[in-house]
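Here's the letter readout for the chains.
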Amino acid sequence: EEEKKEGLIEFYDSFRDMFEFFCKNTTIHGTIRLVCSDSNRMKTAFWTLLLLASFGMLYWQFALMFSQYWAYPVVLTMSMHSEPKMFPAITICNLDPYRFELVSEHLVQLDHMAEESIAFLYGINTSASLFHVNEKNIHVKDLSSIGNLSRSSFKLSQNFSLLRMPDHNNRSGKKHSNVGFRLCNATGGNCFYKTYSSGMDAILEWYRFHYMNIMSQLPVIVNISDHEEQIEDMVYSCQYDGEPCRPSDYVHFHHPVFGSCYTFNSKGTDPFWTATKPGIPYGLSLILRAEQKDHIPLLSTVAGVKVMIHNHNQTPFLEHEGFDIRPGIATIIGIQQDEVNRLGGNYGKCTTNGNDVNVKLLYNNSYTLQACLHSCFQHIMVRKCGCGYYYYPLPPGAEYCNYNKQPAWGHCFYQLYNRLRNHHLNCFDQCPKPCRESLYKVSAGTAKWPSAKSQDWIRQALRHQNGYNSTSNRKDIAKVTIFYQQLNYESVNESPLLSENLLLSSMGSQWSLWFGSSVLSVVEMFELLIDTLVLSLLFCYQRFRSKKTLKVARTPTIPS
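Residues numbered from 1 in each chain as written. Predicted model: local features only at pLDDT ≥ 70, side-chain atom pairs only at ≥ 80, totals over all residues. Heavy atoms only, no water.

**Q** Help me understand the overall build of the protein chain, please; the structure alone is not making it clear to me.
**A** Broken down by element type, the protein chain carries eleven helices and 20 strands. Considering only contacts in the protein chain between residues 6 or more positions apart, those separated by 24 or more positions represent 74%. Carbon and sulfur atoms form 54% of the exposed surface of the protein chain, whose accessible area is close to 31,900 Å². (Helix = DSSP H or I, 4+ residues; strand = E, 2+ residues; numbered from the N terminus. Contact = heavy atoms within 4.5 Å. Areas by Shrake-Rupley, 256 points an atom, 1.4 Å probe, with all protein chains shown as cover.)

What follows is the structure, encoded as structure tokens:
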């Protein structure tokens, strides 16, 4: 007989022939048993059930793989890198905010109100020890055209007096009371007490609340930094890598709570600040003025210097980060850098530069989570309360809150802030973390400085070089040294736990496990499906032609 050749599309006489041909020639294991055992129905049924169970297990495993893949899990990989890198940005503040001449009379009135409140609560006379109303005020040039704001229409409100209230939730049996002040909405129908278990915290918050209303009368505080020649320098000595710092190495700004601040290496582009060696001699060494002049003592009860280590082009949020340096102490701070790289996209919410975030940033520096949260809160507050929070930048066209113009802004602010703190505002949903972030781990050590035997000559040297004129004992200067402990840093990277290649590899492994076959076996199954479809169409066509022929044959002939 002439050998029958396989064509491009097989035309079988029946589905049974097609299935028998497939079972005898496919590379899928076990299918040939369906044909070889057709004389034994029990074996045929057994292998049929076994193949069906294998198919079921295979696609169950496939379902588990795809469900895991679509969950987009990540795995963290850590790697070590060692290379010269840029020294981080360092911000220092003297914790001594200025008493500006433009609002000096209002600040004196506020000091007297605080003195009366403390005397009412605790019976303590603080006028001689706490308030220094004769301290020299800071006069800023080019602002005299505004006039004396003390003679303006602004008046301190007497509606926010400090009160002592019993603590009804106290179960210890001891007599205890809370201290706070009352806040109401515009109609006065909705009021609550902003209370604290600590009277000190209540007084500080009450003072800050009035202080924000007073300072809202001033122009934007950042412009005051242009007149820094009027402000006494707080840095007596600055050296980096054994070289003296240059005037271009730092920028100055004033913080309304933390006082005069300097940021060293803020841009991170000067090769002078490249760290090539680890160790104390190659770090940043500062001798700082830490005098306790207490221009506005109730804004902060801490004496010393505030220090924050952060990334370049990043706004330092000193109220959330940083640490304090004690006067009369030499502090050694070793830093270790960690780098975090997040995937983003389907694997997590993060942003590369903040351009894809729905919140319009109010800070001119690079994107950070805190900058986004503050901007989001300020936008909501301007929309809900009609004015902006004094410690955050303003959106265009807005003004800072002032209880002479917006009597109920305090009620609105504290309620909004509680909602933000409890994650009830959508700011945390709108503000993702940066996809790339550098973090600094800090370890510190302290020692008394200068020592009893060396303080005399150190004070004399500072007096001749820097105009140091204090007569106290070590309580008005501090020394800070910040250095890299080592230049190698850890990089923590997110990577997909189940990538496309790994998914295909796992699917192939499962297919081989249950059927002992390969991708070509899958092609053979698609070929079987195509042959089945073509054969079904041919049978339908033949049936249609046979019915049509039979109908024509039965048509009666009409005699002529």
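There is more to say after this.
**Q** Is there a simple way to explain the sheet that holds strand β3 (residues 89-93) in this structure?
**A** In a beta sheet, neighbouring strands pair by backbone hydrogen bonds and run either parallel or antiparallel. The strand order across the open sheet built from five strands is β9-β10-β3-β13-β14, with neighbouring strands paired in antiparallel fashion. Among the strands making up the open sheet, the edge pair consists of β9 (250-255) and β14 (323-325). When strand polarity is set aside, the average angle formed by the axes of neighbouring strands in this sheet is 25°. As paired strands, β9 and strand β10 (residues 259-264) are joined by six bridges and run antiparallel to one another. Among the inter-strand pairings, Val-251 is bridged to a residue of β10, identified as Thr-263. (Pairing = 2+ DSSP bridges. Axes fitted to C-alpha atoms, helices over the stretch in contact; angles between N-to-C directions.)

**Q** Please clarify how the state of the cysteines should be interpreted in this entry.
**A** By definition, a disulfide links the sulfur atoms of two cysteines through a covalent bond. Scanning the entire structure with this criterion turns up eight disulfides. With a sulfur-sulfur separation of 1.8 Å, Cys-385 is cross-linked through a disulfide to Cys-412. Around the S-S axis, the bridge from Cys-385 to Cys-412 shows a dihedral of about -80° and counts as left-handed. Of the two residues, Cys-385 is situated in helix α6 (residues 369-385) and Cys-412 in helix α7 (residues 409-421); the sequence distance between them amounts to 27 residues. Just as Cys-385 is buried, Cys-412 falls in that class too. (Disulfide = S-S within 2.5 Å. Buried < 20%, exposed > 50% of the residue type's maximum accessible area, 1.4 Å probe, protein only.)

**Q** Just checking my understanding: could you explain the packing of helix α4 (residues 104-122) against helix α5 (residues 199-215) for this structure?
**A** Contact pair α4 / α5: the axes reach a minimum separation of 11 Å and the direction vectors enclose 160°. By the angle between their directions, the pair α4 and α5 is classed as roughly antiparallel. Like other packed secondary-structure pairs, α4 and α5 cross with a definite hand, here right-handed. Residue-level inspection shows His-106, Leu-107, Leu-110, Asp-111, Met-113, Ala-114, Ser-117, Ile-118, Leu-121 and Tyr-122 of α4 in contact with α5, the latter providing Gly-199, Met-200, Ile-203, Trp-206, Tyr-207, His-210, Tyr-211 and Ile-214. Along the lines of polarity and charge, the residues of the contact of α4 with α5 split into 13 nonpolar, four polar and one charged. (Parallel < 35°, antiparallel > 145°, perpendicular 65-115°, else oblique. Left-handed = near helix turned anticlockwise from the far one by under 90°. Nonpolar A, V, L, I, M, F, W, Y, C, P; charged D, E, K, R; others polar.)

**Q** What should I look at first to understand a nonpolar patch on the surface in this one?
**A** The grouping of Met-57, Trp-60 and Leu-64 at the surface amounts to a nonpolar patch, some 290 Å² of accessible area in total. Tracing the backbone through its elements, the reader meets Trp-60 in helix α3 (residues 41-70). With relative accessibility at 47%, the residue Trp-60 sits in the partly exposed group. (Patch = residues over 30% accessible without salt bridge, like charges linked within 9 Å, V, L, I, M, F, W, Y side chains within 5 Å. Salt bridge = Lys/Arg side-chain N within 4 Å of Asp/Glu carboxyl O.)

**Q** Any chance you could explain the packing of aromatic side chains here in plain terms?
**A** The geometry of an aromatic ring pair comes down to the distance between the two centres and the angle between the two planes. In total, this model carries 34 aromatic pairs according to the counting rule given. Above the face of the Phe-272 ring, Arg-246 is positioned so that its terminal group lies 4.3 Å from the ring centre. (Phe/Tyr/Trp six-rings, centres within 6.5 Å; stacked < 30°, edge-to-face > 60°. Lys NZ or Arg CZ within 6 Å of the ring centre and 35° of its normal.)

**Q** What is the right way to read the sheet that holds strand β5 (residues 177-184) from this model?
**A** Spatially, the three strands line up as an open sheet ordered β4-β5-β6, and their pairing is antiparallel. Here the strands that pair on one side only, and so sit at the sheet edges, are β4 (163-166) and β6 (191-196). With direction set aside, neighbouring strand axes in the sheet form an average angle of 50°. Alignment of β4 against β5, held across four bridges, turns out to be antiparallel. Within the sheet, the bridge partner assigned to Leu-163 lies in β5 and is Gly-180.

**Q** Would you mind showing me how to read the nonpolar core here?
**A** Proteins that are soluble and globular tend to have nonpolar side chains buried together. If you look at the biggest cluster of nonpolar residues, it comprises 71 residues, and the most contacted ones within it are Trp-206, Tyr-207, Tyr-211, Met-381 and Trp-409. Sort the elements by how many residues they give to this core and α5 lands first, with ten residues. (Core = buried A, V, L, I, M, F, W, Y, C linked by side-chain atoms within 4.5 Å.)

**Q** Is there a simple way to explain the side chain of Thr-481 in this structure?
**A** Note on placement: Thr-481 falls in strand β19 (residues 477-484). When near neighbours in sequence (up to four residues on either side) are disregarded, Thr-481 contacts Ile-280, Leu-284, Ser-285, Thr-331, Ile-332 and Ile-333.

**Q** What am I meant to see in helix α1 (residues 15-25) here?
**A** For α1, the full list of buried residues reads Met-18, Phe-22 and Cys-23. Viewed end-on, α1 has its buried residues packed into an arc of 130°, placing them on one side of the element. (Arc of directions from axis to C-beta.)

**Q** Which parts of the structure should I look at to understand the layout of surface pockets?
**A** To find the voids left in a structure, one rolls a probe of water-molecule size over its atoms. Of the volumes computed, that of the second largest pocket is approximately 910 Å³. Around the second largest pocket, the lining comprises 33 residues; the ones closest to its centre are Glu-205, Arg-208, Glu-319, Tyr-389 and Tyr-417. Residue assignment for the lining of the second largest pocket shows that the elements contributing at least two residues are β6, α5, α6 and α7. With six residues, the top contributor of residues to the lining of the second largest pocket is α7. Residues of the lining of the second largest pocket, tallied by class, amount to 17 nonpolar, eight polar and eight charged. (1 Å grid on protein atoms, 1.4 Å probe; cavity = no way out; pocket = protein on both sides within 12 Å on 5 of 7 lines; lining within 4 Å. Points joined across faces, edges and corners; volume = space filled by probe spheres on them.)

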